[in-house]
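# Summary of structural features
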Amino acid sequence: SSPYMKKTDLYTLAAKFTAMLPMGFDGIEQTRLLSAVSVGEVRFFNDTLKCCADKIYCIEDPWGSASDYLMKTIREAALGRGVDIISCPCSISPEKTEHIIIPSERVAFVTSNLMHPVQKNATAIINKIYDDFEDKSELEKRLDDAARLLSDASKSIEKAKKLLGE
């Protein structure tokens with residue numbers, strides 16, 4: 001996790017969201033992809049999200065570490081309350097949880113970043129998840145590296161498609 005995260009604030013935010021959930025028995029977790037990497041683009045299946053949730057809480061996280069912490073905290077709390085959830089991992093780094101949908105409550109928590117901006121249908125946008133700090137260069141370098149890797153992967157997929165087509 002990032003040393004720049006406001007962990008106490010994130011935990012408080014997760015507790016606030018999950019406190020409104022009903023208590024049940026054993027929560028069941030399903031896993032679905034809500035985004036996918038394709039040649040030259042990243043697709044985000046916004047229509048799926050709109051079908052599953054009336055309330056969409058959008059977490060703006062340009063670097064990706066705070067939202068993962070928040071999503072995992074929400075996941076654990078919801079399952080602990082016996083609520084069924086749909087966890088949506090990152091299509092590039094499946095160990096990261098990017099989105100959580102709680103169908104019974106018609107609520108979703110989604111990560112918005114450079115790869116998939118998700119703000120148009122948001123009920124609320126949460127963007128104060130990092131401490132203020134001067135030197136963002138290391139985080140920005142990692143974001144640039146990720147964008148470069150995605151571009152290289154897309155080019156490799158395109159090259160493979162051409163070779164297979166011949």
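Residues numbered from 1 in each chain as written. Predicted model: local features only at pLDDT ≥ 70, side-chain atom pairs only at ≥ 80, totals over all residues. Heavy atoms only, no water.

### Focus on the confidence of the model for the protein chain
Note the cut-off: The score called pLDDT rates the predictor's confidence residue by residue, from a low of 0 to a high of 100. Numbering of helices and strands runs from the N terminus, with a helix taken as a DSSP run of H or I at least four residues long and a strand as a DSSP run of E at least two residues long.
With 82% of its residues at a pLDDT of at least 70, the protein chain reaches an overall mean of 79. Model confidence for the protein chain, summarised as mean pLDDT per element, is weakest for strand β8 (residues 124-126) at 70 and strongest for strand β1 (residues 29-31) at 94.

### Brief notes about the pattern of salt bridges
Heads up, the condition is: The salt bridge criterion pairs a side-chain nitrogen of Lys or Arg with a carboxyl oxygen of Asp or Glu, the two atoms within 4 Å. The buried label goes to any residue with under 20% of its type's maximum accessible area, the exposed label to any with over 50%, and the partly exposed label to all in between, with areas taken from a 1.4 Å probe on protein chains only.
Scanning the model with the defined rule gives four salt bridges in all. Across the salt bridge formed by R75 and E29, the nearest N and O atoms sit 2.8 Å from each other. Of the two residues, R75 is situated in helix α3 (residues 65-80) and E29 in strand β1; the sequence distance between them amounts to 46 residues. Residue R75 is classed as partly exposed on the basis of its relative accessible area of 26%. A salt bridge links R106 to D54; the nearest nitrogen and oxygen atoms lie 2.9 Å apart. Of this pair, R106 sits in the loop between β6 (97-102) and β7 (107-112) while D54 sits in the loop between α2 (46-52) and β4 (55-60); the two residues are 52 residues apart in sequence, bridging distant segments of the chain.

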